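# Structural overview for review
If you want the building blocks of each chain, they are given just below.
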Amino acid sequence: MMILDGKKLSGEMRREIGESVLQFRLRNGFVPVLAAIIVGDDPASKIYVSNKEKACKEVGIESKILRLSGSARVEELLFEIDRLNTDSAVHGILVQRPLPNNCNENLILDAIDPRKDVDAFHAENVGLISQGRPRFFPCTPYGIRELLLRSGIETGGKSVVIVGRSDIVGKPMGLMLLQKGKGGDATVTVAHSRTKNLQEITSQADILIAAIGSPKFIKAEMVKEGAVVIDVGINRLGDGKICGDVDFDNVKEIASAITPVPGGVGPLTVTMLLLNTLKAAELIIKQTQVKV
Ligand code: NDP
C-alpha cells in the first residue's frame, strides 16, 4: 500500500515553482502578484489567507491582502475587484470564501477578470474546463490531478467515483477526469447526498475520491480491494484533531494507495494557487506581446 504524500509533493512543487518565478523575474523584471480580498472576521478565512501569503513569500510571488469589514456593502467589494481587474501590476485575484450572507457569491466571483481568476471559479473558466480547453484548473482538483499523475496512477479507462458535487471540488474534479488525454480519460461517476445505493457505487471504483465533509464517512466495506483512495475532507473533531472523510485506519488495509489527512490533498491546494498565479502572469504577458 502506498501513502500518497501530498506534503512532500507540495514541497517539491514549491521548489519548482520558486525556480520558475525566478526565471520569470529574470525575463520580465518583475514578479507575479497575487491579490487576495478577505471580507469580515471569519477565523478560518484569516488562517487560509495568511497561509496563502506565507506560501507566496516562499516561492517569491508578491501578495497583497485587502481586508474589508464584514459590514462592507456589495458595491464596495465590486469596486475593489474592479480596481484590481484594471491594475496591470496585479496578475491573480482571489476572494476568500465564505462571503457574508448579503453577498451573492456567483455575482462576486464573476466580477473577477477571468484572466486573473486563479481560483478558477468564474463561469467562463468553468465553461472552458467543460469544453476541454482549460485556462486554469480549480486548486483542489488540480492538486489531486498532480498527485495522481506524479505518483504514476493512470486514470485512463479507470472507473472513478467522486462522492461530493460541490462547485469547488466534486464537479470540477469530474470535468477534469473526463478530459481527453493524460490525467483524464476516466469513466466518471459523481455521487451526492441523494444518491441511492452509494456503497454499491463506491465499491466499483478503481479510484475513489471523497469530498463530503463528514468524518470517516467512507468505510472499508465501501471500497474495492486495491482501489486508490483520495480523501479531500478536512473535519475538525471534538478533541481539536483533524480527520478526513475516509476511515483511514481500516481503508488503508484494502486500498493500493491512499492520501492521509492531514498531509494529503490539503497542502497541494495552496501550491496549485501559486502555480495558477504564475500562469496568470505569463498569460497576461503573452497577451500584451500579441497586442504590441
Ligand atoms: P460541500 O459541503 O460544498 O459539498 C459536500 C458534498 O458532499 C455535497 O455534494 C453533498 O451532497 C455531499 N454529501 C454530503 N453528505 C453526503 C452523504 N451522506 N452521502 C453522499 N454525499 C454526501 O463541501 P466541499 O466540497 O466544499 O468540501 C468537502 C470537504 O472537503 C470538506 O471537509 C472540506 O473542508 C474539504 N475541502 C478540502 C480542501 C482541501 O484543500 N483539502 C478544499 C476544499 C474542501 P449534496 O450536494 O446533495 O448536498
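Keep in mind that this is a model prediction, so the values were computed, not measured.

Criteria and cut-off values
One numbering rule holds for all chains: residues counted from 1, following each sequence as written. Predicted model: local features are reported for residues with pLDDT of at least 70 only, side-chain atom pairs are reported and counted for 80 or more only, and whole-chain, interface and lining totals are derived from all residues. As a convention, hydrogens and water are excluded, and side-chain values are obtained from all of the structure's heavy atoms. For every domain, the bounds stem from an assignment made automatically or drawn from a database. Any two strands with at least two DSSP-identified bridges between them are counted as paired. Secondary structure is summarised from DSSP: a helix means a run of H or I of at least four residues, a strand means a run of E of at least two, and numbering begins at the N terminus for each. Between N-to-C directions, angles span 0 to 180 degrees; the directions come from axes that are lines fitted to C-alpha atoms, helices contributing only their stretch in contact. Classification of residues uses two cut-offs on accessible area relative to the type maximum, computed with a 1.4 Å probe and protein chains only: under 20% is buried, over 50% is exposed, and between them is partly exposed. Only heavy atoms enter the contact rule, under which two residues are in contact if any of them lie within 4.5 Å. In a helix, the anticipated span is given by 1.5 Å times the number of residues less one.

Domain annotation for the protein reports domain 1 (29-113) and domain 2 (139-266). On a C-alpha basis, the centres of domain 1 and domain 2 stand 29 Å from each other.

What follows deals with the sheet that holds strand E3 (residues 62-68). Pairing within the open sheet is parallel, and its three strands lie in the order E3-E2-E4. Two strands bound the open sheet, and with one partner strand each, they are E3 and strand E4 (92-95). Taken pair by pair, the neighbouring strands of this sheet meet at an average axis angle of 15°, ignoring direction. Here seven bridges tie strand E2 (residues 33-39) to E3, and the two strands are oriented parallel to one another. In the sheet register, valine 39 faces E3, and the bridge partner there is leucine 68.

Relative to the helices and strands, serine 10 resides in helix H1 (residues 6-28). You can call serine 10 buried: its relative accessible area is 4%. In contact with serine 10, not counting residues within four places along its chain, are Pro267, Leu268 and Thr271.

For the α-helix, the turn length of 3.6 residues means that residues three or four positions removed from each other point alike. The first and last C-alpha atoms of helix H6 (residues 139-150) sit 16 Å apart over 12 residues, in line with the 16 Å expected at 1.5 Å per residue. Among the 12 residues that make up H6, 10 are buried, leaving the element largely enclosed by the rest of the structure. Every buried residue of H6 is accounted for by Cys139, Thr140, Pro141, Tyr142, Gly143, Ile144, Arg145, Glu146, Leu147 and Leu148.

Okay, the sheet that holds strand E6 (residues 187-191) next. Pairing within the open sheet is parallel, and its six strands lie in the order E1-E11-E8-E7-E5-E6. Each edge of the open sheet is held by one strand with a lone partner, namely strand E1 (2-3) and E6. Where E1 meets strand E11 (residues 257-258), two bridges bridge the pair, whose relative direction is parallel. Of the residues in E11, the one forming a bridge with isoleucine 3 is isoleucine 258. Each of strand E5 (159-163), E6 and strand E7 (207-210) touches helix H7 (residues 170-178); the most contacted strand, E5, lies at about 170° to it.

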